[in-house]
Amino acid sequence: YITPKTMADLARNAQNAVISGADSIRINISSGGGSVTATQFAMNVIRTLPVPVETAAMSHIASAAVALFCMGEKRYMGEGTTLYLHQQIGHVDMQDKSAEASTRRFALNTDWYDTILGTCVDEDADRTALDYSSRDSLIDVAQATAMGMVTGPIEELRNTKAWGMVINVTAPEPHPGAGGYPVYR
């Protein structure tokens, strides 16, 4: 699950791997999402590293975890995996005195997220599945591949070497939500 702690751990381990000589970073993801702010932190730290980053969706991933997935210069999805996009919620429960700042933060987070999604898709791709403004969207491997979100088949990872400590971003047990979909409240 994406929390400030899990993303700080991810960023620290990526930095330590590079300091120790790693020439690339791979992030395996199985997460229903979580904190957008924590995701922004980890992505900004990892993007400063002088090595390529590849990401792999190893199961259903959602929300902020999709942004983390899109960070990869090379991106892979395992069989049966999906990307789940949804509307942000929670901003309607704010106090009047904080409404303007919270609304602004909501807009900035949405713009950031949409920008990340945009960089993850080919320019000439049909972007209909990325419209989560009025409905949730579930993107499967075939759709993600057609849009350019997947840059290679998961089988390419079979012959790569893992180096150093391995950190996986995973969902907590038991998985939150009903029917396999996470709860965002």
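Residues numbered from 1 in each chain as written. Predicted model: local features only at pLDDT ≥ 70, side-chain atom pairs only at ≥ 80, totals over all residues. Heavy atoms only, no water.

Draft legend 1. View of the overall build of the protein chain. From N to C terminus, the protein chain includes five helices and seven strands. Of the regular secondary structure in the protein chain, the N- to C-terminal order runs α-β-α-β-β-α-β-β-α-β-α-β. Contacts in the protein chain between residues far apart in sequence, at least 24 positions, make up 73% of those at least 6 positions apart. Summing over all exposed atoms, the protein chain offers an accessible surface of approximately 10,100 Å²; the carbon and sulfur share of this is 53%. (Helix = DSSP H or I, 4+ residues; strand = E, 2+ residues; numbered from the N terminus. Contact = heavy atoms within 4.5 Å. Areas by Shrake-Rupley, 256 points an atom, 1.4 Å probe, with all protein chains shown as cover.)

Draft legend 2. Just the pattern of salt bridges, in detail. What the rule picks out here adds up to three salt bridges. One salt bridge in this structure joins Asp9 and Arg12, with 3.2 Å as the shortest N-O distance. Taken together, the positions of Asp9 and Arg12, both in helix H1 (residues 4-19) and three residues apart, correspond to about one turn of that helix. Taking the relative accessible area as the measure of exposure, Arg12 reaches 40% and is therefore partly exposed. The residue Arg26 makes a salt bridge to Glu54 at a minimum N-O spacing of 3.0 Å. Within this pair, whereas Arg26 is found in strand E1 (residues 25-30), its partner Glu54 is found in strand E2 (residues 53-57), the two being separated by 28 residues in sequence. Here the salt bridges do not stand alone but share partners, grouping Lys5, Asp9 and Arg12 into one network. (Salt bridge = Lys/Arg side-chain N within 4 Å of Asp/Glu carboxyl O. Buried < 20%, exposed > 50% of the residue type's maximum accessible area, 1.4 Å probe, protein only.)

Draft legend 3. Layout of the pairing of strand E5 (residues 82-85). Residues of E5 alternate between two faces, with Thr82 and Tyr84 on one and Leu83 and Leu85 on the opposite face, all of them buried. With four bridges joining them, E5 and strand E6 (residues 137-140) adopt antiparallel strand pairing. Bridging across to E6, Tyr84 finds its partner in Leu138. (Pairing = 2+ DSSP bridges.)

Draft legend 4. Spotlight on the nonpolar core. Counting residues in each nonpolar core, the largest one holds 47 residues, and the members touching the most others are Ile27, Phe69, Leu83, Ile139 and Met149. The greatest single-element share of this core, amounting to seven residues, is contributed by helix H3 (residues 64-70). Not counting chain neighbours up to four residues away, the residues in contact with Ile139 comprise Met77, Thr81, Thr82, Leu83, Leu85, Ala129, Leu130, Ala144, Met147 and Met149. (Core = buried A, V, L, I, M, F, W, Y, C linked by side-chain atoms within 4.5 Å.)

Draft legend 5. Up close: the environment of Arg127. Inspection of the secondary structure puts Arg127 in the loop between helix H4 (99-119) and E6. Of the residues examined, Arg127 reaches a relative accessible area of 33% and is grouped as partly exposed. Residues Arg127 and Met147, spaced 20 residues apart in sequence, show a C-alpha to C-alpha distance of 7.5 Å. What Arg127 contacts, discounting residues up to four positions off in sequence, is Gly118, Val121 and Asp122.

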